[in-house]
Amino acid sequence: MNKHEEAFSEIEMRVTLLLAQNARLKNRIDDLDKELLRIRNDAQHVEHLYGEKLHIKKKIEQILQSLEDATGKD
């Protein structure tokens, strides 16, 4: 019976270690999910700013073209 108790004790210890490791990995996955969400939000913000930059650049080019047309420059 002693052999069975030792084997059961070993299994119990391994299961306990696996449960602890599983909990750590779950926390790590949660952290990575949060970081991924933050990075996606940052990327969307950058895309929005880039779109605004292009819009402003286009408006400035239109204004410059209008000024050139008004002054007769080519």
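Residues numbered from 1 in each chain as written. Predicted model: local features only at pLDDT ≥ 70, side-chain atom pairs only at ≥ 80, totals over all residues. Heavy atoms only, no water.

Visitor: Before we go on, may I ask you to explain the overall build of the protein chain in this structure?
Guide: Check the secondary structure of the protein chain and you find one helix and zero strands. At 32 Å, the protein chain has a C-alpha radius of gyration far larger than the 11 Å of a compact globule built from 74 residues. Split into buried and exposed, the 74 residues of the protein chain put 0% on the buried side. Taken as a whole, the protein chain presents about 7300 Å² of accessible surface, with 59% of it coming from carbon and sulfur. (Helix = DSSP H or I, 4+ residues; strand = E, 2+ residues; numbered from the N terminus. Rg over C-alpha atoms; globule rule 2.2 N^0.38 Å. Buried < 20%, exposed > 50% of the residue type's maximum accessible area, 1.4 Å probe, protein only. Areas by Shrake-Rupley, 256 points an atom, 1.4 Å probe, with all protein chains shown as cover.)

Visitor: Would you explain a nonpolar patch on the surface in this entry?
Guide: On the surface, a nonpolar cluster with roughly 480 Å² of combined accessible area is contributed by Ile56, Ile60, Ile63, Leu64 and Leu67. As for its position among the elements, Leu64 is in helix H1 (residues 2-71). (Patch = residues over 30% accessible without salt bridge, like charges linked within 9 Å, V, L, I, M, F, W, Y side chains within 5 Å. Salt bridge = Lys/Arg side-chain N within 4 Å of Asp/Glu carboxyl O.)

Visitor: Teacher, can you tell me more about the pattern of salt bridges here?
Guide: Note on pairing: side chains with opposite charge can pair once their charged atoms come close. All chains considered together, the criterion is met by three salt bridges. With a closest N to O distance of 2.9 Å, Arg14 and Glu10 form a salt bridge. Separated by four residues within a single helix, Arg14 and Glu10 lie in helix H1, roughly one turn from each other. Overall, the relative accessible area of 52% leaves Arg14 in the exposed class.

Visitor: For this particular structure, what's the right way to read H1?
Guide: In an α-helix, one full turn covers 3.6 residues, which means residues spaced three or four apart are oriented alike. Helix length check: H1, at 70 residues, gives a terminal C-alpha distance of 102 Å against a target of 104 Å (1.5 Å per residue), a fit within 8%. Within two residues after H1, Gly72 carries a phi angle of roughly 80 degrees, on the positive side. (Expected span 1.5 Å × (residues − 1).)

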